[in-house]
Amino acid sequence: MIRFSRVCAIAAAGLLAGCSYGFGGGEVGETGRVEVVQIASLPEPTISDVIGQPRSYFVGPNDVLVVDVFGIEELTAREVVVDNSGRLALPLAGSITAAGLTPDELSAAIAERLRANYVRDPLVAVNVKEALSQSFTVDGQVNRPGLYPLRGDMTLIRAIASAQGLGEFAEQDNVVVLRTVNGQEYAGVYNIAAIRQGNYEDPRIYPNDIVVVGDSA
């Protein structure tokens, strides 16, 4: 049975049962207010706004990686796939656990294994070619429901755009994000129209999130 989150701090038009909200006074639940100011134009973004905030990537099963070890021909631009158990196999290094490591941490683990096998001062680089382990699902009233890879700083608006937008009968104030944290299942309800108007922050989407767009009556 799903236990719904009752945290009212999530920026949404109406969260879940038990969370008060309103538009007229600019209040959002019990935690914040929306202030409207008049300006001639939107401010220009800073460099950090343009490139986004860095997010660590953790290797997972089925990811496709490219491993480069300087000076070793059989490990030059070698493409490997992480298996379902989260491991990969390389010449001279053998089987290594990759799941849960960042590419830099995996590079260090491969280098350590190579040194243990008498490779002197190995220079190792690991790059992610296809990030198939980190994805999210969009379902309900969208034009193309499905499973999508999570790339960069994904938000709810971008997730819906990945599914080619809302469907004809989408209920914009009934968009649910399902997320599991430490074995506990949570759900947040968002109003896409209000987010598009800039009334609320566009929430981030994380790996394994499920976005469900409701049907309009």
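Residues numbered from 1 in each chain as written. Predicted model: local features only at pLDDT ≥ 70, side-chain atom pairs only at ≥ 80, totals over all residues. Heavy atoms only, no water.

Asker: Hey, could you run me through the sheet that holds strand E4 (residues 78-81) in this one?
Answerer: Strand pairs in the sheet, formed through backbone hydrogen bonds, run parallel or antiparallel to each other. Pairing is antiparallel in the open sheet, where 3 strands are placed in the order E4-E3-E7. The open sheet is flanked by E4 and strand E7 (124-130), the only strands paired with a single partner. Here the strands of the sheet are splayed against their neighbours by 30 degrees on average, with no regard to which way each runs. Where strand E3 (residues 64-69) and E4 come together, 4 bridges link them in antiparallel fashion. If you follow valine 66 over to E4, its bridge partner there is glutamate 79. (Pairing = 2+ DSSP bridges. Helix = DSSP H or I, 4+ residues; strand = E, 2+ residues; numbered from the N terminus. Axes fitted to C-alpha atoms, helices over the stretch in contact; angles between N-to-C directions.)

Asker: Could you clarify how one ought to interpret the pairing of strand E10 (residues 170-181) in this entry?
Answerer: When E10 meets strand E12 (residues 210-215), the two strands line up antiparallel, connected through 5 bridges. When the sheet's bridge partners are listed, valine 177 is paired in E12 with valine 211.

Asker: Explain the environment of leucine 101 here, please?
Answerer: Within the secondary structure, leucine 101 sits in the loop between strand E6 (94-97) and helix H2 (103-116). Note on leucine 101: relative accessible area 23%, which makes it partly exposed. In sequence terms leucine 101 and phenylalanine 58 are 43 residues apart; their C-alpha atoms lie 5.2 Å from each other. Setting aside residues no more than four positions away along its own chain, leucine 101 makes contact with Tyr57, Phe58, Val59 and Leu106. (Buried < 20%, exposed > 50% of the residue type's maximum accessible area, 1.4 Å probe, protein only. Contact = heavy atoms within 4.5 Å.)

Asker: Where do I start with the nonpolar core in this structure?
Answerer: The nonpolar side chains of a soluble globular protein tend to be buried, and buried together. Counting residues in hydrophobic clusters, the biggest one holds 22 residues, and the most contacted among them are Phe136, Leu156, Ile160 and Ile205. Counting residues per element, the ones that place at least two in this core are strand E8 (135-140), helix H3 (156-162), E10, helix H4 (192-196) and E12. In this structure, phenylalanine 136 is in contact with Gly146, Leu147, Tyr148, Pro149, Leu150, Met154, Ala159, Ser162, Ile205, Tyr206, Asn208 and Asp209, ignoring residues within four places of it in sequence. (Core = buried A, V, L, I, M, F, W, Y, C linked by side-chain atoms within 4.5 Å.)

Asker: Where do I start with the side chain of aspartate 63 in this structure?
Answerer: As for its position among the elements, aspartate 63 is in the loop between helix H1 (47-51) and E3. Sequence-distant contacts of aspartate 63, that is, excluding residues within four places in its chain, are made with Tyr57, Phe58, Val80, Val81, Val82, Glu130, Ala131, Leu132 and Ser133.

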